[in-house]
Amino acid sequence: MATLARLGVAPFRYMAPALAVRPCLRCSSVGHAAFLHFIEIPACVYKTYSTLPSTKLPTTLSLAHQQQTLSEAVLKEQEGQLTLGEDASCATTKGFGKKDAWASEEPQQCSVRSKKKTIKKKKTLIMRDKEPAVHQDECVVTKDSAKQDACASEEPQQSRTTCNKTKLSKTGKLKKKDKEPAVPQDEDCQIHQVAQIKNISAARLGKDDLVSKANDAPDKLKYKKKQQKKTTQQKRYYTQEVAGVLAYLEACITTGELDLAQLCLQRLEKSATYGQYLRTSMYNILIHAWAKQGSLLHVAQLFSNMKKLMVKPDLSSYVGALECMGRAEHCPENILNRLLQDMEQNGFTLQHMFDRYPFFSEERAGVLHTVRRVRPDFLWQYQYRKDPYSLPLVAQCYDQFKKEMPSFPRLPFTANELRQMFRKQLAMEEAGFVTVESVKASKSVNSDTARQRKGRIEHLRSHWRQELPLAFRDAKSKVNPRRVSHFGTSIYPFLLLLSEDDYIDIMMMAITTLPPNGEALIVFAKDLGRKVQSRFCIKCKEKIGITALVTKVYDHYVELLASDGKVHDKFPREYWQELERDLLHWYAYGHEDVIWPDTTTMQLGTFLTNIMVSDMNIPKNAKNPLQQTLIPAVYHTYNYQSKRKIGFIKPHPLLTQILESDHNSSLIFDAFVMPTYCPPVPWTSPTFGGYIVTPAQLIRMEEGITKQRDLLDHCKEEDPSKLHVVLDTVNQLGSCPWQINEEVLDVIISLFNSGGSTQLGVPPPPSAGPILPKYDPTGKTGIADRTDYNKAVRLARKTLFEMHSLHMDAEYKLSIANAVRHRTFWFPHNIDFRGRSYSCPPHFNHIGSDTTRSLLQFAEGKPLGPNGFDWVKIHLVNLMGRKKCESLSERLRYANAHMEDVLDSADRPLEGQRWWMESDEPWQTLACCKEIAKAVRSPDPAAFFSHLPVHQDGSCNGLQHYAALGRDVVGAASVNLIPHEVPQDVYAVVAQKVEEKRLQDAANGLQIAQVLEGFVNRKVVKQTVMTVVYGVTRYGARLQVEKRLNELEDFPKAHVWKASTYLSRGIFHSLKEMFASTREIQDWLTESARLISTAGYSVEWMSPVGLPIIQPYHHVKQTSVKTSIQSITVCNMDIQQKPHTMKQKNAFPPNFIHSLDSTHMMLTALNCYRKGLTFVSIHDCFWTHAKTVDIMNQVCREQFVALHSQPILENLSNFLLWKHSGLLPVKKKEHEGHFKLLDLLKRVPKKGDLNLQQVMDSVYFFS
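Parameters and conventions
Residues numbered from 1 in each chain as written. Predicted model: local features only at pLDDT ≥ 70, side-chain atom pairs only at ≥ 80, totals over all residues. Heavy atoms only, no water. Helix = DSSP H or I, 4+ residues; strand = E, 2+ residues; numbered from the N terminus. Buried < 20%, exposed > 50% of the residue type's maximum accessible area, 1.4 Å probe, protein only. Contact = heavy atoms within 4.5 Å. Pairing = 2+ DSSP bridges. Axes fitted to C-alpha atoms, helices over the stretch in contact; angles between N-to-C directions. Salt bridge = Lys/Arg side-chain N within 4 Å of Asp/Glu carboxyl O. pLDDT = per-residue confidence, 0-100. Phe/Tyr/Trp six-rings, centres within 6.5 Å; stacked < 30°, edge-to-face > 60°. Lys NZ or Arg CZ within 6 Å of the ring centre and 35° of its normal. Expected span 1.5 Å × (residues − 1). Left-handed = near helix turned anticlockwise from the far one by under 90°. Parallel < 35°, antiparallel > 145°, perpendicular 65-115°, else oblique. Nonpolar A, V, L, I, M, F, W, Y, C, P; charged D, E, K, R; others polar.

Thoughts on the overall build of the protein chain
- Across its full length, the protein chain holds 45 helices and 26 strands.
- Out of the 1263 residues belonging to the protein chain, those deemed buried represent 56%.
- Once local pairs closer than 6 in sequence are excluded, the contacts in the protein chain between residues at least 24 apart make up 75%.

See below:
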């Protein structure tokens, strides 16, 4: 709900007297329903206001004003001053007529008519008295006539077809006035549709004739109905256009521009093309805005328009109406009664309203008092909704928690310490950005030079502070608020959301972070717009009071986490929701921020970019800034990328030089980039959690892909328990406290500042890159050939750009780590559409590279215990990449044999023998060496408190899930689902089979097989084997093998293409032999997805823990955004476009497996949390303390068996059959594909004889 800080909010009228409704002198009736038949105001009274523009309607209508208006209308009526054009009849007043006014014969217009039109209307009415009324059978049906039941949809679409507006000519004959005739009702509807299909004029056919025609075209009639249904379903989707209108309306309401918001909605209502984008949420924004002012007449008009356009009110609409009645000066009780009756008829009870709607401030009390005026016996008491867990796996998980006494982990902080951390985090988020000292070594300069540089930068920033506000005001004054797009929106209200200082801060921050090589305009402008949106959301929450509410709840929430807390045995989500109910008497599933589409952020960003290009200047001579002319600080140019002309925003080289002299000491980051100071706010809904006030979403989705958001909303309303596992898992992952391994950080920073090392993953500076070549026609000092010269320059520049990007990325990560080195921090988490978890901070997190992982360790240490020290040593060998095919005891023996190398690496990492650099993961190996050295030198290694995370990786986890799904004994043995004395290496087995095939071909004289002698090994085939389970194509597999062969120095480069083609085929053939059931399941999934997407639907399924999943692969929709700088084409996947068949079918098998491995991770995380373990995951790699590795391994195996004990493929088959069995295509030629799909879905792949319980005894399942 948008903030109304700039609007005058009327107080609730708890003791308002009832309005006396007087009869109309014209029609002698009490009146006609003006507010969904709730407000009984005579039409002649309303007509006085209906002839005015909507922006001129009074905000409040006092009793005295209503009585005066009534008197004036009565006098005008008695004196005969009301023309027929103004009034016509009380029954046909626009939006305020009879119950079926929108379906009446001819609704009148509500605008002021000219004298000529009035006279013409009089003639029409006179002739209408002479002619009999036109029967509905004589109406013609238009193409886009909507069905009467369209209003039953959740987000119903507007039917642009109104009643048939006909007029009589001078001869008294009927003729069409508009192209949109009336909607025939009931059984006649089908008859008229058939008449339209046959191109037969309904005006010339009788009903009997039409019936005979209907019998001739049943198939076409069926097709027509199907197309109407399909069109209605497509229109329901939340498109970018809808998001743009909602964002515009919210901006208008926030800035007090209600007239612009009303005008926008009116344009959509009157437009036959763009009116299809009308939504209930658009009306709700205006309903709540007028309700805040107590303007009952405006709310009545909005409700009337919704009913006329078949837009169904929702719970928020009724709450706004009740709030308006509470704030209005006078509201009759009969109106209130009728509103409550209509609300209950639409399925919304008072108990449901007070339980579910997120009221703020005094709204709940005011609405409750309003309801009790007519329902004095109503007593509201929150009823906790305890839904049973419908999914067996989820029910089993939570039922186990009830039976056992869980021991949830505690943080090593007191409640007061956590509250102080919360205040720091809130301050950082409200500021919007944070300044961090860079780890980059600065060049030593004398004090005078340093003072001069500082003064020059301060003078430059001061100059911008003076010039930018003037430029911003001038640019804003040139924006015409009434010059709008087709949807009635403009950029004007978005320029009023923040103060001028906020916009200036955003522009100055953007220019100081602009890379020397520039940024694409589409990226730069979008980032500027997103910054404005984020700042607006934060300030909006503060003004509404959400920030204060969250602070109040969090102060009590810390009792669950603190070491001295008094609350036990509750999940963070569960306890937070209890606090919301108990402390605030307010229960909400989340505070949803209106989403700004890319087109809106792009327009806003380009507006600010234009100001930066035009008015941000720097002195031409930096040494004497006061006496020199000014030049632009940034400029707009074009680059060509892949033959495409791309707009770029680039800083002036002089600006880069000035900023670099100061940026040796500081970097500026957005607040969400940094780890949090306090434990994240628990996720309680898909739209609330993670951060305190910074906008965040539980599921990462691309722009335009909103179907999954709709599915989540449906889950949270129908069965919230389906999301409990997802929410609780994300909360558990985010609640893990971290700290920096300072010893490793110091080593990396020293290497970073001394030139870096490509071998160790520390990128060298761009100064170490290639020098741009020179052109010399003579060839003495440069390249003589122009083509070769241009090619060399492009290659050198590309290398330099890549080196700069990698170097800056490393600087960001190391600087953030250095900034938090002396404190504890947390990483908020969210998930992708398949359920895989990710850290919200993008740069520095545990999902990053070897370098960033080595810098992180658990904030809470635990003693190693009897087996923990051995697990640390085994972890060291695993990181080295050695002994992968050896037993755990052999790995432990290897670690003990190299203890001297371990200690040398820990003590002298850069000066010693550097044994750790030989590892596959060198920096994590160094961190492990230092931990082992500390434990060895401690008095008792078993009592040593270790902070090092120990990893347990799945053995080709994708193939493990496939083997379990198909109960494949052979495949299961290859991926360690069956116990073995030593781990089975599937990559080595595949390499061996490929080599056997190569030997046969070489013996038969195949040349490429002979060339590959000695080059087929585990490393060459590993990537392809690893990714084939995730849907890699033969072309992609060939590229992977080609890359591995190019890394071999001895392999002849001339044979790379043929060799990679040969090996990729051999790998696929070997896998097909080894994993027969895997290939069968993969083919079943692929073909099912192909048939589903060919029919025009996206593949959708439900994960075993209740997460609704839909593949977001659609054809790209291009939207052109015209700006003052250039036209920008925004390309986004759009749910309204057809599904991309190729992507849908290729992605379904890997995405389905990813949904299973994420489910396994979630179940493992929750059960580890219940046992008090610290648990973190990177997809199929699980982390915990060395002491608790054995417990985590046991839980991991138990949950894998529990997961695959469910009929996963059978459930998928039943879900898809339920989803598609009723969608029979209209065209007969498509029936074959539909029945083929149903037949395929019924034929679930057969299973083998694998006993899943063997997984419990498999040591190398995860190791």
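What to know about the pairing of strand E26 (residues 1181–1184)
- Across the two faces of E26 the burial is the same, with Cys1181 and Trp1183 and Phe1182 and Thr1184 all buried.
- Pairing of strand E20 (residues 950–953) with E26 involves four bridges; the strand directions are antiparallel. Across the sheet, residue histidine 951 finds its bridge partner in E26, namely tryptophan 1183.
- Pairing analysis gives three bridges linking strand E25 (residues 1176–1178) to E26, with the strands arranged antiparallel. Among the inter-strand pairings, isoleucine 1178 is bridged to a residue of E26, identified as cysteine 1181.
- Between E25 and E26, which pair antiparallel one after the other, the connecting turn spans two residues, and histidine 1179 there sits at a positive phi close to 65°.

Some words on helix H32 (residues 899–907)
- Restricting attention to buried positions, one finds in H32 the residues Met899, Asp901, Val902, Asp904, Ser905 and Ala906.
- Looking at the packing, one finds that the buried side of H32 touches helix H30 (865–880), helix H31 (888–897) and helix H33 (922–936).

Comments concerning the environment of lysine 774
- Counting through the fold element by element, lysine 774 comes out in the loop between helix H27 (742–753) and helix H28 (786–819).
- For lysine 774, a relative accessible area of 60% puts it in the exposed group.
- Note: C-alpha distance between lysine 774 and valine 793 (19 residues apart in sequence) is 8.5 Å.
- In contact with lysine 774, other than residues within four places in its own chain, are Thr781, Gly782, Ile783 and Tyr789.

Looking at the sheet that holds strand E10 (residues 644–651)
- Taken in spatial order, the three strands of this open sheet run E6-E10-E9, and their pairing is antiparallel. Taken across any chain shown, the strands that pair with only one partner, and hence form the sheet edges, are strand E6 (519–520) and strand E9 (634–641).
- Taken together, the eight bridges between E9 and E10 define a ladder with antiparallel strand orientation. The residue bridging glutamine 641 from the neighbouring strand is arginine 644, located in E10.
- Relative to the sheet, helix H23 (residues 598–615) contacts E9 and E10, its axis offset from that of E9 by approximately 115°.

A word on unusual backbone geometry
- Phi angles above zero are rare outside glycine, and arginine 914 is one such case at about 60°.
- Relative to the helices and strands, arginine 914 resides in the loop between H32 and H33.
- A positive phi angle is found at histidine 1179, which is not glycine, with a value near 65°.
- Residue position: histidine 1179 is located in the loop between E25 and E26.
- The buried category is assigned to histidine 1179, whose relative accessible area is 18%.

Details of the pattern of salt bridges
- Taken as a whole and judged by the stated rule, the model has 39 salt bridges.
- Via salt bridges that share partners, Lys292, Glu323, Arg327 and Glu363 belong to a single interconnected network.

Re the confidence of the model for the protein chain
- Residues of the protein chain with pLDDT of at least 70 account for 78%, and the chain-wide mean is 79.
- Low pLDDT, under 50, characterises residues 15–71; the predicted model gives this stretch 133 contacts beyond four residues in sequence or across chains.

Brief notes about the packing of aromatic side chains
- Evaluated as defined, the whole model comprises 37 aromatic pairs.
- Ring plane angle 25° and centroid distance 6.0 Å describe the contact between phenylalanine 536 and tryptophan 596, whose orientation is recorded as stacked. A residue pair is termed long-range when its members are at least 10 positions apart, and phenylalanine 536 in helix H20 (residues 521–544) and tryptophan 596 in the loop between helix H22 (572–584) and H23 qualify at 60 residues.
- Ring plane angle 65° and centroid distance 5.6 Å describe the contact between phenylalanine 825 and phenylalanine 827, whose orientation is recorded as edge-to-face. When sorted by exposure, phenylalanine 825 lands in the same class as phenylalanine 827, which is buried.
- Every member of this aromatic cluster is reached through a ring pair, and the members are Trp738, Phe825, Phe827, Phe844, Phe858 and Trp1183.
- The residue whose ring lies beneath lysine 650 is phenylalanine 648, and the NZ or CZ to ring-centre distance is 5.9 Å.
- The ring of tyrosine 987 has lysine 1022 lying over it, and the distance from NZ or CZ to the ring centre is 5.7 Å.

Some thoughts on the pairing of strand E5 (residues 433–436)
- By the alternation rule, side chains of E5 split into Val434 and Val436, which are all buried, and Phe433 and Thr435, of which none is buried.
- By the bridge criterion, four bridges tie E5 to strand E11 (residues 667–670) in an arrangement that is antiparallel. Along E11, the bridge assignment pairs phenylalanine 433 with aspartate 670.

Points about the sheet that holds E20
- Strand order in this open sheet of three strands is E20-E26-E25, and the pairing throughout is antiparallel. In this open sheet, the two strands that pair with only one neighbour each are E20 and E25. Taken pair by pair, the neighbouring strands of this sheet meet at an average axis angle of 25°, ignoring direction.
- Sitting on the sheet, helix H43 (residues 1189–1204) touches E20 and E26, and the angle it makes with E26 is about 145°.

Observations regarding helix H10 (residues 280–292)
- Here H10 contains 13 residues, and its C-alpha end-to-end distance of 18 Å stays within 8% of the 18 Å for a straight helix at 1.5 Å per residue.
- Taken across its 13 residues, H10 has 12 buried, putting it largely inside the fold.
- When H10 is considered as a whole, its buried residues turn out to be Thr280, Met282, Tyr283, Asn284, Ile285, Leu286, Ile287, His288, Ala289, Trp290, Ala291 and Lys292.
- Contacts from the buried residues of H10 go to helix H8 (240–254), helix H9 (258–270), helix H11 (296–308), helix H12 (315–327) and helix H15 (363–371).
- Positive phi shows up at glycine 294, right after H10, with a value of about 70°.

Side note on the packing of helix H41 (residues 1076–1094) against helix H42 (residues 1141–1170)
- Interaxial distance between H41 and H42 falls to 8 Å at its minimum, and their mutual angle equals 140°. In this structure, H41 crosses over H42, and the sense of that crossing is right-handed. Taking contact as the criterion, the partners of Gln1082, Leu1085, Thr1086, Ala1089, Arg1090, Ser1093 and Thr1094 in H41 are, on H42, Thr1141, Gln1144, Lys1145, Phe1148, Pro1149 and Phe1152.

Details of the packing of H10 against H12
- Taken N-terminus to C-terminus, the directions of H10 and H12 make an angle of 15°; their axes are 8 Å apart at the nearest point. Here H10 lies roughly parallel to H12, going by the angle between them. Seen from above, H10 lies across H12 with left-handed handedness. Note on element contacts: H12 touches H10 through Ser316, Ser317, Val319, Gly320, Ala321, Glu323, Cys324 and Arg327, opposite Thr280, Asn284, Ile287, His288, Ala291 and Lys292.
- The residue makeup of the contact of H10 with H12, split by class, is five nonpolar, six polar and three charged.

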